[in-house]
Amino acid sequence: FLFILCCCISLMYYYQRRKRLFLNPLYGVDVQRTLEMIYDDLSWMEDGNVATYIPQLGNVDPNQFGIALMKVDGHIYSVGDASVSFSIQSICKPFLYAFGIQFNGEDFMASKIGVEPSGAAFNSEKLSDEGKPFNPFINAGAIACCANIALGDGDTRFEFILKFMSSLSYTGVLGMDAAIYYSEVDTADQNRLIGKVLHEAAIIENEYDMTHGLESYFMACSTDVNCLELATMAACLGNNGVHPMSGLDVISSDIASAVTSVMMTCGMYNGAGNWMVNVGIPAKSGVSGGILAVVPGVCGIAVFSPRLDTHGNSVRGMEVCSALSQTLGLHTLLGGKGKSVGGKDRSSKASWDGSKGSKGSRTGGSITNKDSKH
C-alpha cells in the first residue's frame, strides 16, 4: 500500500510539474535564437532622440542596443550591447517603492503615495485630490519614497538603497556613475520644486528629510546597470521575490506583487494605457533608454536603446517588448496566445514577424526548438 501511495504522489508531482512547464509560454522555445531574430529585425531603427535635459545623458552613443531575458529558473539569454553600462534613471523607482514598503510597511506608504496614473508629465509637481503623489513611478512619488526612508543623510540612505538593489541584481554589486550624479544635481530645479511641494503637503515631514531624500533620489537615478543586471532584477519581481540564481527570498511575495501591479498601469508614463493593451507586460522605462519588464511566473526582460519617444520611452525598446509579447504570447491578460511549441499560432492574429521594419534579417523560420533544455 505504501509503495502504491508513493508512486501516486510521485506521479502527481510529475504531472503538476509537466503542466506548469507546458503552460509556460517559454517552454520548448529557443529563447536565444528568438532574441537574435528580434535584435536583427530592429537593429536598423533610428527613430527618436536621446535625452539631453540631463546633459550627461546626451553624450551616449544613440546606436547602442542590447537585450537580456532571465527566466525564473535562472537561465539568462542576451544579445547585442547587453553588458554595456548605463544609468538606471527612473527604472530605480519600482525598487525605491519596494524598499519603502519593506522599510515603512504598505499602509504607511499608501498614506503618502497613491497608485493611480497621473495624466501629467513624469516630472510634474501636481498632486492628486488627496494631496499626495499619484503613484510611486513619477518623480514626486519616488522623491516621497526616498524622503520617507528615514535612515540618516543622503549618502546613508543611498547606501541602503544600493545594497537593496544589488541584492536583486545579476552580479550582486552595483555602483553609481558620479558624472551622471553631478549632471543630475546641476539640472534638478524641478525636482527641488517637487520636494518643496511635498513638504508643504506634509508628505515629507521636515526639511532634513526633504534635502537628504532628494540627494538619495539623485544618487539612485545615477546607479550604473546593464541589461543583465536589470533582467535579473525584473526576474526577482516575476519570481515572487525569489532571486532566480541564488534561490534566496530577497523581497516578500506581497511586495513583489504590489510593485508589479502598479507597474501594469503606471510604469510607462502617459503611454501606459496603450502599452498594456498592445504589449500587456508590467514594465518601467527610464530616460537613459532602458526598459525593464516583468512577466509574472515566467521571466524578466531588459532592453537598452537610448533613442526615446515623446513620452520618454525607448522607441526600439518598446518594439522589442512588443515583439516578444506577440511572438511568445507573453501578454498578461491573453493567456499565452502566441506561438505554440509546434510553431502553430494560438491566436487569431499572426505573431510578430518584424514587419514594422525588417530590412533583411539574417534569421528566420520557426522560433521554437523542441530540443531546448532551457
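See the structure printed just above.
Residues numbered from 1 in each chain as written. Predicted model: local features only at pLDDT ≥ 70, side-chain atom pairs only at ≥ 80, totals over all residues. Heavy atoms only, no water.

Counted under the stated rule, the structure contains four salt bridges. Across the pair K132 and E130 runs a salt bridge, and its minimum N-O distance is 3.7 Å. The buried category is assigned to K132, whose relative accessible area is 12%. Judged by relative accessible area, E130 falls into the exposed class, the value being 64%. For D209, the salt bridge is made with R157, and the minimal N-O distance between the two is 2.5 Å. Note that D209 is positioned in helix 9 (residues 207-221) and R157 in helix 6 (residues 154-167), a separation of 52 residues in sequence. Residue classification places R157 among the buried residues on the basis of a relative accessible area of 1%. (Salt bridge = Lys/Arg side-chain N within 4 Å of Asp/Glu carboxyl O. Buried < 20%, exposed > 50% of the residue type's maximum accessible area, 1.4 Å probe, protein only. Helix = DSSP H or I, 4+ residues; strand = E, 2+ residues; numbered from the N terminus.)

Turning our eyes to something else, we now look at the side chain of N313. Take N313: it is sitting in the loop between strand 8 (299-304) and helix 13 (315-328). Given the relative accessible area of 1%, N313 is considered buried. A polar side-chain atom of N313 sits 3.4 Å from the main-chain carbonyl oxygen of M268. In this structure N313 touches M268, Y269, S285, R307, L308 and M318, once residues within four positions along its chain are discounted. (Polar contact = N/O pair within 3.5 Å; in protein donor to acceptor, adjacent residues only side chain to side chain. Contact = heavy atoms within 4.5 Å.)

Taking 1.5 Å of rise per residue, 14 residues should cover 20 Å, and helix 13 covers 20 Å from first to last C-alpha, within 8% of that figure. Burial within helix 13 is extensive, with 12 of its 14 residues counted as buried. All of the buried residues along helix 13 are V315, R316, G317, E319, V320, C321, S322, A323, L324, S325, T327 and L328. Buried-residue contacts for helix 13 involve helix 2 (31-42), strand 1 (66-71), helix 12 (272-278), strand 7 (290-295) and strand 8. Among the residues of helix 13, the N-terminal cap falls to S314, whose side-chain oxygen and the backbone nitrogen of G317 are separated by 3.0 Å. Directly after helix 13, the chain includes G329, whose backbone phi takes a positive value near 70°. (Expected span 1.5 Å × (residues − 1).)

Right, let's get into the sheet that holds strand 6 (residues 283-285). Each strand in a sheet pairs with its neighbour through backbone hydrogen bonds, running either in the same direction (parallel) or in the opposite one (antiparallel). If you walk across this open sheet you meet the five strands as 2-1-8-7-6, and the pairing is antiparallel. Each edge of the sheet is formed by a strand with only one pairing partner; in this case those strands are strand 2 (76-80) and strand 6. Direction aside, neighbouring strands of the sheet carry axes that sit 10° apart on average. Pairing analysis gives six bridges linking strand 1 to strand 8, with the strands arranged antiparallel. In the strand pairing of strand 8, K71 is matched with C299. Sitting on the sheet, helix 10 (residues 227-238) is in contact with strand 1, strand 2, strand 7 and strand 8, with an inclination near 150° to strand 8. (Pairing = 2+ DSSP bridges. Axes fitted to C-alpha atoms, helices over the stretch in contact; angles between N-to-C directions.)

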